[in-house]
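This is what each chain is made of:
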Amino acid sequence: MGGGDDNEIARRVLSWIPDDFSGKMLDVPVGTAVFTTEKYKRMTKADITCLDYSQDMLEQAEYRFRGAGITNIKTMQGDVGALPFEEGTFDYVLCMNGLHVFPHKDKAYAEILRTLKTGGELLACFYIAGEQKVADWLAKTIMTRMGWFTPPFDTAKDVRKRLESHYDILDFHVEGAMLYFRAQKR
C-alpha cells in the first residue's frame, strides 16, 4: 500500500534470513503465507512457528505449505499481544504486514521483545502514517472500516523510538508508506 512494491519489500526482508538458518523463528501474523512460502521451502533446517489471530488466514497458509511440501512449520491461532512462548524462545521474529493491524501495538512490541533471544532479530515491514496523504486516507477511511487495519498508526519516527531502547537498528527503510527494518535485540 502506498508506494513501495510489496513483493520487492517482502523479498528484501526475507533476504535477511539465511536459507540454511537452523534455529527457531516466529512468523506473526503469517497471513496467507503468500510472500513466505517459497522462502520457507528453502529453509529446511529451520524450526518455524506461524501464528495468526485469523483461523481463515491460518487455513490458507497451511494449504500453501502443504502444497509446497513444507513439513518443518507449526501453525497456531493466537494473539501477538499474549504469545504462548517462554522468554527468549526465538532467534528471529518475522512480522510482515502486521504491526498496522494489531489492536494493542504496545503489547505486540512487548511480547515480540520478550520472546526474542538476546541477539535475536525482529524483521518487519508494514504501513506507517505520515508519508503519503493518499495512503493515510486509505488506511483511515477504507482499511480501518474494513477491519484490515487498526489505528492508531505509528510514523517512522514512532517506530524508531519504540525500537531504540531495546534493539540495535541494523536496517531501517521507508519506501512510500511502507517501513521495513531489521533490528537486533540487545
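Novice: Just to check I follow, could you spell out the overall build of the protein for this structure?
Specialist: Within the protein, the secondary structure is distributed over six helices and seven strands. Ordered by position in the sequence, the α and β elements of the protein form the string α-β-α-β-α-β-β-α-β-α-α-β-β. Relative to the 2.2 N^0.38 estimate, which gives 16 Å for 186 residues, the radius of gyration of the protein is 15 Å and therefore close to what a compact globule would have. In terms of overall dimensions, the protein has a C-alpha envelope of 40 × 35 × 30 Å along the principal axes. Within the protein, contacts between residues at least 6 apart in sequence are counted, and of these 72% link residues at least 24 apart. Per element, the accessible surface of the protein, about 9200 Å² overall, is 52% carbon and sulfur. Considering the protein, the positive charge centre built from 24 side chains and the negative charge centre built from 27 side chains are found 1 Å apart.

Novice: Explain the pairing of strand β5 (residues 116-127) to me, please; I cannot follow it from the model alone.
Specialist: The two faces of the sheet receive side chains in turn, since in a regular strand these alternate between them. With nine of 12 residues buried, β5 is to be regarded as a mostly interior element. Alignment of strand β4 (residues 90-96) against β5, held across six bridges, turns out to be parallel. Looking at the pairing, Tyr92 lines up with Glu121 of β5. In the classification by handedness, the crossover that spans β4, the intervening helix α4 (residues 105-115) and the parallel β5 is right-handed. Where β5 and strand β7 (residues 178-185) come together, seven bridges link them in antiparallel fashion. Counted as the bridge partner of Ala124 is Phe181 from β7.

Novice: It is not clear to me how the packing of α4 against helix α6 (residues 156-164) should be interpreted in this structure. Could you clarify?
Specialist: Geometrically, a packed helix pair is captured by the angle between its two axes and the distance between the axes. The contact between α4 and α6 brings their axes to 11 Å, and the two run at 40°. With respect to their mutual orientation, α4 and α6 come out oblique. For the pair α4 and α6, the sense of crossing is right-handed. Each of Lys105, Asp106 and Tyr109 in α4 lies in contact with α6, whose residues at this interface are Val159, Arg162 and Leu163. The residue makeup of the contact of α4 with α6, split by class, is three nonpolar, no polar and three charged.

Novice: Can you walk me through the layout of surface pockets in this structure?
Specialist: A probe as big as a water molecule, rolled over the atoms, marks out the empty space that is left. Roughly 870 Å³ of internal volume is contained in the largest pocket. The wall of the largest pocket is formed by 33 residues, among which Pro29, Gly31, Met57, Asn97 and Val101 lie closest to the centre. Looking at the lining of the largest pocket, the elements that each hand over two or more residues are β2 (47-52) and β4. In the lining of the largest pocket, the residues fall into 21 nonpolar, eight polar and four charged.

Reading the values: rules and limits
- Residues numbered from 1 in each chain as written.
- Predicted model: local features only at pLDDT ≥ 70, side-chain atom pairs only at ≥ 80, totals over all residues.
- Heavy atoms only, no water.
- Helix = DSSP H or I, 4+ residues; strand = E, 2+ residues; numbered from the N terminus.
- Rg over C-alpha atoms; globule rule 2.2 N^0.38 Å.
- Contact = heavy atoms within 4.5 Å.
- Areas by Shrake-Rupley, 256 points an atom, 1.4 Å probe, with all protein chains shown as cover.
- Lys, Arg positive; Asp, Glu negative; His and termini not counted.
- Charge placed at Lys NZ, Arg CZ, Asp CG, Glu CD.
- Buried < 20%, exposed > 50% of the residue type's maximum accessible area, 1.4 Å probe, protein only.
- Pairing = 2+ DSSP bridges.
- Right-handed = clockwise from strand over helix to strand, strands pointing away.
- Axes fitted to C-alpha atoms, helices over the stretch in contact; angles between N-to-C directions.
- Parallel < 35°, antiparallel > 145°, perpendicular 65-115°, else oblique.
- Left-handed = near helix turned anticlockwise from the far one by under 90°.
- Nonpolar A, V, L, I, M, F, W, Y, C, P; charged D, E, K, R; others polar.
- 1 Å grid on protein atoms, 1.4 Å probe; cavity = no way out; pocket = protein on both sides within 12 Å on 5 of 7 lines; lining within 4 Å.
- Points joined across faces, edges and corners; volume = space filled by probe spheres on them.

All quantities given are derived from atomic positions and should not be read as evidence of function.
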